[in-house]
Amino acid sequence: MSKSHVIMDDAAIRRALTRIAHEIVERNKGIKDCIFIGIRTRGIYLAQRIAEKVSQIEGIEVPVGELDVTSFRDDIAGKDQSGKEKNGFNDLNVHEKKVILFDDVLYTGRTVRAAMDALVSKGRPQMIQLAVLIDRGHRELPIRADYVGKNVPTSKYEEIEVTLEEIDDADQVVIGTNGGQE
Ligand SMILES: O=P(O)(O)OC[C@H]1O[C@H](OP(=O)(O)OP(=O)(O)O)[C@H](O)[C@@H]1O
Ligand SMILES: O=c1cc[nH]c(=O)[nH]1
(Lines give C-alpha, C1' and ligand atoms only; values in the text may rest on other atoms or scores of the structure.)
(Ligands and ions follow the chains in the order given, each with its own letter.)
Protein backbone atom coordinates (compact mmCIF):
# COMPACT_ATOMS: atom_id res chain seq x y z
CA MET A 1 0.00 0.00 0.00
CA SER A 2 1.47 3.35 -0.96
CA LYS A 3 -0.25 5.54 1.66
CA SER A 4 -1.99 4.16 4.70
CA HIS A 5 -3.43 4.97 8.07
CA VAL A 6 -4.73 3.04 11.05
CA ILE A 7 -8.53 2.96 11.40
CA MET A 8 -8.75 0.49 14.31
CA ASP A 9 -6.13 -0.19 16.96
CA ASP A 10 -6.05 -3.12 19.37
CA ALA A 11 -8.45 -1.52 21.85
CA ALA A 12 -10.97 -0.67 19.11
CA ILE A 13 -10.82 -4.23 17.76
CA ARG A 14 -11.24 -5.67 21.25
CA ARG A 15 -14.31 -3.50 21.93
CA ALA A 16 -15.88 -4.34 18.56
CA LEU A 17 -15.41 -8.07 19.15
CA THR A 18 -16.92 -7.78 22.64
CA ARG A 19 -19.94 -5.97 21.20
CA ILE A 20 -20.38 -8.61 18.49
CA ALA A 21 -20.20 -11.37 21.13
CA HIS A 22 -23.06 -9.70 23.03
CA GLU A 23 -25.06 -9.16 19.82
CA ILE A 24 -24.72 -12.83 18.89
CA VAL A 25 -25.96 -13.93 22.30
CA GLU A 26 -28.83 -11.46 22.20
CA ARG A 27 -29.98 -12.27 18.68
CA ASN A 28 -29.83 -16.04 19.23
CA LYS A 29 -31.33 -15.84 22.74
CA GLY A 30 -28.25 -17.62 24.08
CA ILE A 31 -25.92 -19.86 22.20
CA LYS A 32 -27.79 -23.18 22.03
CA ASP A 33 -27.30 -25.01 18.71
CA CYS A 34 -24.83 -22.35 17.48
CA ILE A 35 -21.50 -23.23 15.95
CA PHE A 36 -18.87 -20.73 14.86
CA ILE A 37 -16.91 -21.18 11.64
CA GLY A 38 -13.96 -18.95 10.81
CA ILE A 39 -12.99 -18.41 7.18
CA ARG A 40 -9.25 -18.75 6.60
CA THR A 41 -7.18 -16.99 7.32
CA ARG A 42 -8.02 -14.33 9.87
CA GLY A 43 -11.68 -15.25 10.28
CA ILE A 44 -10.50 -18.27 12.26
CA TYR A 45 -8.90 -16.11 14.96
CA LEU A 46 -11.91 -13.78 15.10
CA ALA A 47 -14.21 -16.80 15.56
CA GLN A 48 -11.98 -18.13 18.35
CA ARG A 49 -11.79 -14.78 20.15
CA ILE A 50 -15.54 -14.17 19.98
CA ALA A 51 -16.23 -17.77 21.08
CA GLU A 52 -14.09 -17.13 24.14
CA LYS A 53 -16.07 -13.98 24.95
CA VAL A 54 -19.39 -15.76 24.39
CA SER A 55 -18.31 -18.58 26.72
CA GLN A 56 -17.55 -16.00 29.40
CA ILE A 57 -20.97 -14.37 28.93
CA GLU A 58 -23.04 -17.57 28.77
CA GLY A 59 -20.90 -20.05 30.70
CA ILE A 60 -21.11 -22.57 27.82
CA GLU A 61 -18.45 -23.49 25.27
CA VAL A 62 -19.36 -22.86 21.65
CA PRO A 63 -17.87 -25.22 19.03
CA VAL A 64 -15.46 -23.47 16.66
CA GLY A 65 -14.45 -24.73 13.25
CA GLU A 66 -12.48 -23.38 10.33
CA LEU A 67 -13.11 -23.31 6.64
CA ASP A 68 -10.90 -22.98 3.57
CA VAL A 69 -13.15 -21.85 0.72
CA THR A 70 -10.53 -22.03 -2.04
CA SER A 71 -12.07 -24.80 -4.12
CA PHE A 72 -15.58 -23.32 -3.82
CA ARG A 73 -14.61 -19.92 -5.25
CA ASP A 74 -16.13 -18.69 -8.52
CA ASP A 75 -13.25 -16.34 -9.29
CA ILE A 76 -10.22 -18.62 -9.47
CA ALA A 77 -9.35 -19.73 -12.98
CA GLY A 78 -8.63 -23.42 -13.32
CA LYS A 79 -9.71 -24.32 -9.80
CA ASP A 80 -9.76 -28.01 -9.12
CA GLN A 81 -13.41 -28.95 -8.50
CA SER A 82 -12.32 -32.47 -7.56
CA GLY A 83 -10.87 -31.00 -4.36
CA LYS A 84 -14.35 -30.13 -3.09
CA GLU A 85 -14.84 -33.17 -0.91
CA LYS A 86 -11.39 -32.85 0.64
CA ASN A 87 -11.82 -29.21 1.34
CA GLY A 88 -12.99 -27.59 4.32
CA PHE A 89 -13.76 -28.07 7.81
CA ASN A 90 -12.52 -29.82 10.77
CA ASP A 91 -15.31 -32.30 11.36
CA LEU A 92 -18.09 -30.15 12.67
CA ASN A 93 -21.64 -31.25 12.03
CA VAL A 94 -23.48 -28.27 10.53
CA HIS A 95 -26.79 -30.07 10.05
CA GLU A 96 -29.66 -28.21 11.77
CA LYS A 97 -27.17 -25.91 13.53
CA LYS A 98 -27.18 -22.13 13.59
CA VAL A 99 -23.88 -21.54 11.82
CA ILE A 100 -22.18 -18.20 12.37
CA LEU A 101 -19.51 -17.48 9.78
CA PHE A 102 -16.64 -15.13 10.62
CA ASP A 103 -14.34 -13.19 8.32
CA ASP A 104 -12.12 -10.15 8.73
CA VAL A 105 -13.24 -8.15 5.66
CA LEU A 106 -16.46 -8.21 3.63
CA TYR A 107 -15.97 -6.74 0.16
CA THR A 108 -17.48 -8.27 -3.00
CA GLY A 109 -19.13 -11.07 -1.02
CA ARG A 110 -17.60 -13.80 -3.18
CA THR A 111 -15.67 -15.39 -0.30
CA VAL A 112 -18.85 -15.60 1.77
CA ARG A 113 -20.79 -17.07 -1.16
CA ALA A 114 -18.11 -19.74 -1.49
CA ALA A 115 -18.29 -20.39 2.25
CA MET A 116 -22.06 -20.86 2.09
CA ASP A 117 -21.62 -23.26 -0.83
CA ALA A 118 -19.07 -25.22 1.23
CA LEU A 119 -21.41 -25.28 4.23
CA VAL A 120 -24.48 -26.53 2.42
CA SER A 121 -22.38 -29.24 0.76
CA LYS A 122 -21.92 -30.66 4.28
CA GLY A 123 -25.51 -30.58 5.50
CA ARG A 124 -28.48 -28.32 5.98
CA PRO A 125 -27.79 -25.66 8.58
CA GLN A 126 -30.88 -24.36 10.39
CA MET A 127 -29.61 -20.89 9.52
CA ILE A 128 -26.39 -19.12 8.52
CA GLN A 129 -25.38 -15.77 9.97
CA LEU A 130 -22.34 -13.67 9.09
CA ALA A 131 -20.01 -11.65 11.33
CA VAL A 132 -17.21 -9.49 9.92
CA LEU A 133 -14.76 -7.11 11.49
CA ILE A 134 -14.89 -4.68 8.53
CA ASP A 135 -17.59 -4.10 5.92
CA ARG A 136 -16.01 -2.00 3.19
CA GLY A 137 -18.94 -2.10 0.72
CA HIS A 138 -18.73 -2.86 -3.05
CA ARG A 139 -20.80 -6.02 -2.93
CA GLU A 140 -21.14 -7.97 -6.19
CA LEU A 141 -23.69 -10.39 -4.71
CA PRO A 142 -26.79 -9.97 -2.53
CA ILE A 143 -24.95 -10.69 0.73
CA ARG A 144 -24.96 -8.68 3.95
CA ALA A 145 -23.42 -9.16 7.38
CA ASP A 146 -25.53 -9.68 10.52
CA TYR A 147 -22.75 -8.41 12.80
CA VAL A 148 -20.24 -5.73 11.76
CA GLY A 149 -17.27 -4.43 13.77
CA LYS A 150 -16.95 -1.28 11.68
CA ASN A 151 -18.50 -0.06 8.44
CA VAL A 152 -15.82 1.60 6.36
CA PRO A 153 -16.96 3.31 3.16
CA THR A 154 -14.12 2.84 0.68
CA SER A 155 -13.20 3.54 -2.89
CA LYS A 156 -12.29 0.57 -5.08
CA TYR A 157 -8.76 1.95 -5.19
CA GLU A 158 -8.35 1.49 -1.47
CA GLU A 159 -7.41 -1.62 0.45
CA ILE A 160 -8.16 -2.73 3.96
CA GLU A 161 -5.49 -4.71 5.76
CA VAL A 162 -6.40 -6.48 8.99
CA THR A 163 -3.53 -7.78 11.11
CA LEU A 164 -4.08 -10.00 14.14
CA GLU A 165 -1.64 -10.92 16.90
CA GLU A 166 -2.03 -14.64 16.33
CA ILE A 167 -0.29 -14.48 12.96
CA ASP A 168 0.84 -10.87 12.44
CA ASP A 169 2.75 -8.40 14.57
CA ALA A 170 -0.21 -6.68 16.18
CA ASP A 171 -3.98 -6.18 16.21
CA GLN A 172 -4.68 -3.41 13.75
CA VAL A 173 -6.83 -2.37 10.78
CA VAL A 174 -5.19 -0.19 8.17
CA ILE A 175 -6.65 1.52 5.10
CA GLY A 176 -4.43 2.46 2.22
CA THR A 177 -4.41 3.18 -1.49
CA ASN A 178 -3.51 0.27 -3.73
CA GLY A 179 -1.57 2.26 -6.26
CA GLY A 180 -4.55 3.18 -8.47
CA GLN A 181 -6.52 6.40 -8.60
CA GLU A 182 -7.65 7.81 -5.23
O1 LIG B 1 -15.73 -10.15 -0.09
P2 LIG B 1 -14.52 -10.57 -0.90
O3 LIG B 1 -14.30 -9.74 -2.13
O4 LIG B 1 -14.50 -12.04 -1.18
O5 LIG B 1 -13.23 -10.23 -0.03
C6 LIG B 1 -13.08 -10.55 1.31
C7 LIG B 1 -12.01 -11.60 1.51
O8 LIG B 1 -10.75 -11.10 1.08
C9 LIG B 1 -9.78 -11.39 2.06
O10 LIG B 1 -9.29 -12.67 1.93
P11 LIG B 1 -8.03 -13.04 1.04
O12 LIG B 1 -8.53 -13.70 -0.20
O13 LIG B 1 -7.15 -11.85 0.88
O14 LIG B 1 -7.33 -14.18 1.91
P15 LIG B 1 -6.71 -14.13 3.37
O16 LIG B 1 -7.84 -13.89 4.35
O17 LIG B 1 -6.12 -15.47 3.57
O18 LIG B 1 -5.69 -13.01 3.42
C19 LIG B 1 -10.57 -11.30 3.35
O20 LIG B 1 -9.92 -12.00 4.39
C21 LIG B 1 -11.89 -11.91 2.99
O22 LIG B 1 -11.88 -13.31 3.18
O1 LIG C 1 -9.58 -4.40 0.85
C2 LIG C 1 -9.75 -5.63 0.97
C3 LIG C 1 -10.58 -6.36 0.11
C4 LIG C 1 -10.72 -7.69 0.31
N5 LIG C 1 -10.06 -8.29 1.31
C6 LIG C 1 -9.25 -7.59 2.14
O7 LIG C 1 -8.66 -8.17 3.06
N8 LIG C 1 -9.11 -6.26 1.96
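Further up the page is the structure itself.
In this text, all values refer to a predicted model and were calculated from it rather than measured experimentally. Sequence order as written defines residue numbering, which begins from 1 separately in each chain. Just so you know, chain letters begin at A and ligand numbers begin at 1, following the order they were written in. Side-chain atom pairs in this predicted model are given and counted only at pLDDT of 80 or more, local residue features only at pLDDT of at least 70, and totals for whole chains, interfaces and linings cover all residues.

1. As for the site of ligand 2
Item 1. Each residue receives a C-beta atom built from its backbone; the residue is near a molecule or strand if that atom lies within 6 Å of it. Lining the immediate environment of ligand 2, one finds V105, Y107, R136, E159 and I160.
Item 2. The residue inventory of the shell around ligand 2, partitioned by class, reads 3 nonpolar, no polar and 2 charged. Residue polarity follows a fixed list, in which Ala, Val, Leu, Ile, Met, Phe, Trp, Tyr, Cys and Pro are nonpolar, Asp, Glu, Lys and Arg are charged, and the others, Gly among them, are polar.

2. Looking at the nonpolar core
A general tendency of soluble globular proteins is for nonpolar side chains to be buried together.
Item 1. Within the largest apolar cluster, 50 residues are counted, with the highest numbers of intra-cluster contacts made by F36, A47, I50, L101, F102 and A115.
Item 2. Looking at this core element by element, the count peaks at 7 residues for helix α2 (residues 42-58).
Item 3. In this description, any two residues whose backbone-derived C-beta atoms lie within 7 Å of each other are considered to be in contact. Discounting residues that sit within four places of it in the chain, F102 has contacts with F36, I37, G38, I39, G43, L46, A47, I50 and A131. What makes a nonpolar core is a set of buried Ala, Val, Leu, Ile, Met, Phe, Trp, Tyr and Cys residues, with links drawn between C-beta atoms within 7 Å. In this scheme the burial state of a residue depends on its C-beta neighbours within 10 Å: 20 or more other such atoms mean buried, 12 or fewer mean exposed, and anything in between means partly exposed; the C-beta positions come from the backbone. Each helix corresponds to a stretch of at least 4 residues labelled H or I by DSSP, and each strand to a stretch of at least 2 residues labelled E; elements are numbered beginning at the N terminus.

3. Section: the pairing of strand β4 (residues 98-106)
Item 1. Among the 9 residues of β4, 7 are classified as buried, and the element is accordingly described as predominantly covered.
Item 2. Between any two strands, at least two bridges found by DSSP are needed for them to pair. Pairing of strand β2 (residues 34-39) with β4, which is carried by 5 bridges, proceeds in the parallel orientation. Its bridge partner lying in β4, I35 is registered against V99.
Item 3. Direction of pairing for β4 relative to strand β5 (residues 127-135): parallel, over a ladder of 8 bridges. Note on β5: the bridge partner recorded for V99 is I128.

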